[in-house]
Amino acid sequence: MGQDHEGGRGRGPGPDAERKPDHPTRRQILSGAAGLAGAAAGAGAGLAPAGRAWAQAAGDPAITTLPPWTQTLGPGVDAAPYGVPSPYEASVRRRNVDWLTADPVSSVNFTPLHALDGIITPNGLCFERHHSGVAEVDPAQHRLMIHGMTDNELVFTMEDLLRFPRENRVYFLECAANSGMEWRGAQLNGCQYTHGMIHNVMYTGVPLRLLLERAGVKPGGKWLLAEGADAAAMTRSIPMEKALDDCLVAFKMNGEALRPEQGYPLRLVVPGWEGNMWVKWLRRLEVGDQPWHHREETSKYTDLLGDGRARRFTWEMDAKSVITSPSPQAPITHGPGPTVLTGVAWSGRGTIPRVDVTLDGGITWVEARMSGPSWDKSMHRFYHEFEWDGRPLLLQSRAHDSTGYVQPTKDALRQIRGENSIYHNNGIQTWAVDAEGEAENVEIS
């Protein structure tokens, strides 16, 4: 994200965003936490189980009344040549915060994490970040050029690229500004807005190493400049070591062609590194002996510290997690009883073997149950099932990655980085759940 984020401090979200209610006082939060230790205790005592006995369901009109779909024929096989979700899922969509940026062509929208499960993000729900709108590129007219400090300067058509060996890998892509609004305190009510600048997709593409080997990188070629074909001509400098390690030149996501908003027909995949490095509509790769220090790596995408100095080239995304349900957009609606807590975690340095969760704001932690595949630099899914007795909760999750790194608290992060930055905020998120099951974005210390 660009600096436009900074203008949002202290203002309410736009009509598309979930407005965060007034903050509860610290006293209210802490008094709630004091009674939380027993929130998951006393399992089963007087709590409603999930599901009803047959006799209890007698007379339920959903059983006794024939609904319309059992009485008429439905649409035929060609009614939706490209499938779409049920109309009952219409609320599950990307959303923006209209005041966050000056214009939607240089803006961002957010993945609805609270409504998803598993680890793969559907293509139509992957968040968008554009610096100059969506480029509508004709693949027949698209070329990828490699030049600079190479033995051979090359130009590839899309057809050329499809003749290289290809690989399929699942990676998360996270914007450096994900959770950026939260550096200065709880701002927006919903994990879609606090953590939704991320998606997790299976990419199909050519290892960048193969293309660079075909071009022949000269011994002094230590850096690569990737450039997009959009009107912003987005560029980033990438160390050659990373380019030759695990980067892909991708043309498909989740089995189909890249969506236009995700860089159709060609994008760079830079696993584990901040999203602006994953240049969309990729058209040019220049090999050089030093970084280019372009706009997006000097005035933007640098981390301003408390003393005025800026961290630069902070590419790797640190381990992070968030509880997606319950959360402000996914409250507990069933009342006390069996409750499923779930969320996602990821790390730019490897896998996530463990996530801890707490129901009482960090007084006690338990290890969550990991479910699904655990792939390098991919999203991981975790669950914690518990009996909720209706008492208020302070929910948090804490990721451990395969390097041993543990996700920090927001206060610990601020002590090192200050509050000036809008990038690389991986602090622990807190949701306060009240006795009615409603959740709110809060901070505790």
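That block above? That's the structure.
Note that this is a predicted model, so its numbers are computed, not measured. (Residues numbered from 1 in each chain as written. Predicted model: local features only at pLDDT ≥ 70, side-chain atom pairs only at ≥ 80, totals over all residues. Heavy atoms only, no water.)

Caption draft 1: Layout of the sheet that holds strand 8 (residues 235–239). Strands sit in the order 4-3-12-7-8 across an open sheet of five strands; the sheet is mixed. Of all strands in the sheet, those with a lone pairing partner are strand 4 (154–157) and strand 8, marking the two edges. Pairs of neighbouring strands in the sheet enclose a mean axial angle of 15°, with direction left out of account. Against the sheet, helix 5 (residues 208–215) contacts strand 3 (143–148), strand 4, strand 7 (223–228) and strand 12 (282–288), and its axis sits at roughly 55° relative to strand 3. (Pairing = 2+ DSSP bridges. Helix = DSSP H or I, 4+ residues; strand = E, 2+ residues; numbered from the N terminus. Axes fitted to C-alpha atoms, helices over the stretch in contact; angles between N-to-C directions. Contact = heavy atoms within 4.5 Å.)

Caption draft 2: Representation of helix 5 in the model. Buried within helix 5 we find Leu208, Leu210, Leu211, Leu212 and Ala215. Positive backbone phi, at 80°, marks Gly216, one or two positions downstream of helix 5. (Buried < 20%, exposed > 50% of the residue type's maximum accessible area, 1.4 Å probe, protein only.)

Caption draft 3: The arrangement of the packing of aromatic side chains in detail. Counting across every chain of the model gives nine aromatic pairs. Taking 5.8 Å as the distance between ring centres and 45° as the angle between the ring planes, the aromatic pair formed by Trp223 and Phe313 counts as tilted. You can see Trp223 sitting in strand 7 and its partner Phe313 sitting in the loop between strand 14 (310–311) and strand 15 (320–325), a full 90 residues away along the chain. By the ring-pair criterion, three or more aromatic residues cluster together here, those being Trp223, Trp273, Phe313 and Trp315. One Lys or Arg, Arg349, reaches over the ring of Tyr405 and ends 5.8 Å from the middle of that ring. Over the ring of Trp365 we find Arg398; its NZ or CZ atom is 4.0 Å from the centre of that ring. (Phe/Tyr/Trp six-rings, centres within 6.5 Å; stacked < 30°, edge-to-face > 60°. Lys NZ or Arg CZ within 6 Å of the ring centre and 35° of its normal.)

Caption draft 4: Main features of the nonpolar core. The biggest cluster of nonpolar side chains holds 60 residues, and the ones touching the most others in it are Leu144, Tyr203, Leu208 and Leu211. Leave out the neighbours within four places in its chain, and Leu211 touches Leu144, Ile146, Phe156, Leu161, Phe164, Val206 and Val249. Counting residues in each nonpolar core, the second largest holds 29 residues, with Leu113, Cys191, Ile198 and Trp346 among its members. (Core = buried A, V, L, I, M, F, W, Y, C linked by side-chain atoms within 4.5 Å.)

Caption draft 5: Layout of the sheet that holds strand 18 (residues 366–367). Taken in spatial order, the five strands line up as 18-17-21-22-23 in an open sheet, and their pairing is antiparallel. One side of each edge strand has no neighbouring strand; the edge strands of this open sheet are strand 18 and strand 23 (439–442).

Caption draft 6: Summary view of the side chain of Ser237. For Ser237, the position within the fold is in strand 8. From its side chain, Ser237 meets the backbone nitrogen of Trp292 in a polar contact 2.9 Å long. One polar contact links Ser237 to Glu297, side chain to side chain, over a distance of 2.6 Å. Beyond its immediate chain neighbours, meaning those up to four positions away, Ser237 contacts Trp223, Leu224, Leu225, Met277, Pro291, Trp292, His293, Glu297 and Trp315. (Polar contact = N/O pair within 3.5 Å; in protein donor to acceptor, adjacent residues only side chain to side chain.)

Caption draft 7: Quick peek at the pattern of salt bridges. Taken as a whole and assessed by the stated rule, the structure comprises 31 salt bridges. Ionic pairing is found between Arg94 and Glu128, a salt bridge with its closest N-O pair at 3.4 Å. With Arg94 in the loop between helix 2 (61–64) and strand 1 (95–96) and Glu128 in the loop between strand 2 (109–110) and strand 3, the pair connects residues that are 34 residues apart, well separated along the chain. Across the pair, Glu128 and Arg94 agree in class, each one buried. Between Arg236 and Glu274 there is a salt bridge, with its nearest N and O atoms 3.1 Å apart. Placement of Arg236 in strand 8 and of Glu274 in the loop between strand 11 (267–269) and strand 12 is noted, with a sequence separation of 38 residues between them. Glu274 shares its class with Arg236; the two are buried. Because the salt bridges share partners, they merge into one network encompassing Glu182, Lys410, Asp411, Arg414 and Glu443. (Salt bridge = Lys/Arg side-chain N within 4 Å of Asp/Glu carboxyl O.)

Caption draft 8: Fine view of the pairing of strand 22 (residues 430–433). Here strand 22 shows two buried faces, one formed by Thr430 and Ala432 and the other by Trp431 and Val433. Bridge analysis of strand 21 (residues 393–400) against strand 22 gives four bridges, and the strand direction is antiparallel. The partner of Leu395 across the bridge, within strand 22, is Trp431. Bridge analysis of strand 22 against strand 23 gives four bridges, and the strand direction is antiparallel. Directly across from Ala432, in strand 23, lies its bridge partner Glu440.

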